[in-house]
Amino acid sequence: KGCDTIAAKNLKNSALGQGSYLFLGPSPQSLGLFADPKHAQSGLTIDVRANPLNPRQVIVLVFSNSVDETAAALRKLSHYGKYGFLFFKQGRISRKHIPESTRGIHYTLMTEPGGEYVADMKSFNDIIAQLAQSRVVYVGEQHTDYGSHLLQLRIIQALFQADPHLAIGMEMFPRSSQDALDGYINGTIKSEKEFLKKSKYFSSWGYDYRLYREIIAYARLHGIPLVGLNLEKTIVSRVFRDGNLDGLSAEQMNEIAPDRDLDVPGYRDRLISAFSAHKSGDKAELFGGFLQAQSIWDETMAQSIVEYLKAHPDRKMVILAGTGHVYKDSAIPLRVKRRLQIRQSVVTSRNFGDTGRTQGRRIDFLLNTQFIRLKPAQKIGLLLKVETNEQEPNADRVRIIGISPHGKAGKAGVKKNDIVLAVNGRDVHSIEDLKIELVDKQPGDSVTLKVRRENMLLPDKELELKVKLSSMTMTGIMPPGHPR
């Protein structure tokens, strides 16, 4: 038919969205698009799917356990052109069906409101009693809403009181932070600042630590294991930026769950909606990278959960993650179910959930919470850039590349191009070091910055400057390598 034939080892991830493919047997690429479709291990199976990375194209999954099975069925294929799934056994058709699809073109003019019968509303204790029967309970969050996190804490407390054999899985930490999480819970890491440093919280997640502080403190008080679920942020960001997985190293690929299902009903539609709200949402060619980035995020967290549950059969888990990651029929729970058959429940706040019945967005319980924002964190008001020293470890330096007019640093004598050496006597080699020192600061507090001021003709000066903090809504602190 004039088709190209290519070995799986030579097929780049970036090429998958550029055409239609016939996969002859399982391959890393097919597992990364559809996971394991659980085809019969005998006979001939032909399974036609829309290409998740380009729905206008198709991908055909073919499995056969022998040349004889294939030959016996081939001459009959022309009779079954309208079907999307065929299974032959010794040349005889055993199963056939036409995949469901939407007829015509549909546009939603107005979303219909959902609700519930008031008499069916349950008390918190009744809901906890039902949640306690599940091995995994997901509590979705809107990251910046303190009310969501208070709900998470209350559910953790109630479930721990019902059964102390509990663990907390957190989207906020990558798996590489596990030693730090274990050390803080078992007491080998003594201080909170040391924990923040070793877990790389601010570089891995970055949202205000105060949102999660009480949850982590409760876990430490009661010895509840904290489990890092996520990938390194750099991996997900690169896949989104590049639009494919081709640029990842072998070591990075080993961190990603190999089985990833992009063909879950409702998943693509839900992510299109999220992508359109993103600053790159007007660039349709970037959606393939967004889709794959989200899938490796969800699948790897699911894999982490299953690995922990299998290693600790006596424990249940509460999972803390963004609402978009906990929908029961398209996000982490479905991917956990594919790997391990257990009872799971999903809870989210009514402020950020829908009725829980829309395809791709299903949940079990919507709980009423207040939308609460913490008071703005205290900030120095500096734009910073990390200058890396590749020859000498722990010798990176943080340079000031801008000073906010809304802060007090300029009045204290801080100048652009100063190098921050220390804050309150603690050495600074990263923006993270500075953020850790500010965690407990209150309105009106001051910090002492030690800076080096370089001079072309005269010796460099080292100065200690006292800077009063201010509550600015702008972050004022930049990630390394991303000046703007």
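Now for a look at the structure at hand. Along each chain, residue indices are assigned from 1 in the same order as the chain's sequence is written. Restriction of local features to residues with pLDDT of at least 70 applies here, the model being predicted, together with a cutoff of 80 or more for giving and counting side-chain atom pairs; totals for whole chains, interfaces and linings are based on all residues. Computation of side-chain values covers all heavy atoms of the structure but excludes hydrogens and water.

1. So, the sheet that holds strand β10 (residues 344-349)
- Two strands are counted as paired when DSSP detects at least two bridges linking them. Secondary structure counts use DSSP, requiring at least four H or I residues in a row for a helix and at least two E residues in a row for a strand, with both numbered from the N terminus. Across the sheet, 6 strands lie side by side as β8-β7-β9-β6-β10-β11; this open sheet has parallel pairing. Where the open sheet ends on each side, the last strands, each with one partner, are β8 (226-230) and β11 (365-367). Averaged over neighbouring strand pairs, the angle between their axes works out to 25° when direction is ignored.
- Strand contacts of helix α4 (residues 146-162): β6 (136-141), β7 (166-174), β9 (316-322), β10 and β11, with the helix running at about 165° to β6, the strand carrying the most contacts. Note on geometry: axes are lines fitted to C-alpha atoms, helical ones only across the stretch in contact, with angles between N-to-C directions running from 0 to 180 degrees. Residue contacts are defined here by distance: any two heavy atoms, one from each residue, within 4.5 Å place the two residues in contact.

2. As for the pairing of strand β1 (residues 21-24)
- Burial here depends on accessible area, computed with a 1.4 Å probe over protein chains only, as a share of the maximum for the residue type. Under 20% is buried, over 50% is exposed, and the range in between is partly exposed. Burial of the side chains of β1 is restricted to one face: Y21 and F23 are buried, whereas none of L22 and L24 on the reverse face is.
- Relative to strand β3 (residues 54-64), β1 runs parallel, the two sharing 4 bridges. Directly across from L22, in β3, lies its bridge partner V60.

3. Details of the pairing of strand β5 (residues 92-97)
- Where strand β4 (residues 85-89) lies against β5, 5 bridges are found, and the strand directions are antiparallel. Across the sheet, F85 pairs through a bridge with H97, a residue of β5.
- Counting the residues between successive antiparallel strands, the hairpin from β4 to β5 contains 2 residues, one of them, Q90, with a positive phi of roughly 55°.

4. Section: the layout of surface pockets
- Approximately 1,800 Å³ is the volume found for the second largest pocket.
- Points on a 1 Å grid over protein atoms alone make up a cavity when a 1.4 Å probe fits among them but cannot get out, and a pocket when they form an open set with protein on both sides within 12 Å along at least five of seven lines; lining residues each have an atom within 4 Å of a point. Lining the second largest pocket are 40 residues, with T102, P265, G266, D269 and Q359 sitting closest to its centre.
- When residues of the lining of the second largest pocket are traced back to their parent elements, those giving at least two are β2 (44-51) and α11 (267-276).
- Among the elements that line the lining of the second largest pocket, the one with the most residues is α11, at 6 residues.
- Basically, the charged four are Asp, Glu, Lys and Arg, the nonpolar ten are Ala, Val, Leu, Ile, Met, Phe, Trp, Tyr, Cys and Pro, and anything else, Gly included, counts as polar. Residue composition of the lining of the second largest pocket, grouped by class: 14 nonpolar, 12 polar and 14 charged. Grid points are joined across faces, edges and corners, and a volume is the space filled by probe spheres set on the points.

5. Structural notes on unusual backbone geometry
- You will see that A35, though not glycine, has its phi angle at about 55°, which is positive.
- Relative to the elements of secondary structure, A35 occurs in the loop between α1 (28-34) and β2.
- Residue A35 is classed as buried on the basis of its relative accessible area, which comes to 2%.
- You will see that Q90, though not glycine, has its phi angle at about 55°, which is positive.
- Within the element layout of this structure, Q90 appears in the loop between β4 and β5.
- Exposure remark for Q90: the relative accessible area of 65% places this residue in the exposed category.

6. Details of the side chain of D329
- For D329, the position within the fold is in the loop between β9 and α13 (332-339).
- A relative accessible area of 15% places D329 in the buried class.
- The definition of a polar contact used here is a pair of N or O atoms within 3.5 Å, where within protein one atom must be able to donate a hydrogen and the other to accept one, and adjacent residues in sequence count solely through side-chain atom pairs. Among the polar contacts listed, one links the side chain of D329 to the backbone nitrogen of R361, at a separation of 3.3 Å.
- In terms of polar contacts, D329 uses its side chain to reach the backbone amide nitrogen of R362, at 3.1 Å.
- Once you skip the residues sitting within four places of it in the chain, D329 turns out to touch V264, P265, L334, T358, Q359, G360, R361 and R362.

7. Some words on the packing of helix α9 (residues 233-242) against helix α12 (residues 287-311)
- With their axes 7 Å apart at the nearest point, α9 and α12 run at an angle of 155° to one another. As summarised for this structure, α9 and α12 are arranged roughly antiparallel, according to the angle between their axes. Between α9 and α12 lies a crossing whose hand is right-handed. Contacts between α9 and α12 pair I235, V236, V239 and F240 from the former with G289, F290, Q292, A293, I296 and W297 from the latter.
- Of the residues assigned to the contact of α9 with α12, the class counts are 8 nonpolar, 2 polar and no charged. Throughout, the term roughly parallel applies to angles under 35 degrees, roughly antiparallel to angles over 145, roughly perpendicular to angles from 65 to 115, and oblique to all others. Handedness of each helix crossing follows the sense of rotation of the near helix against the far helix: counterclockwise by less than a right angle gives left-handed, clockwise gives right-handed.

Limitation: the analysis is restricted to geometry and does not speak to function.
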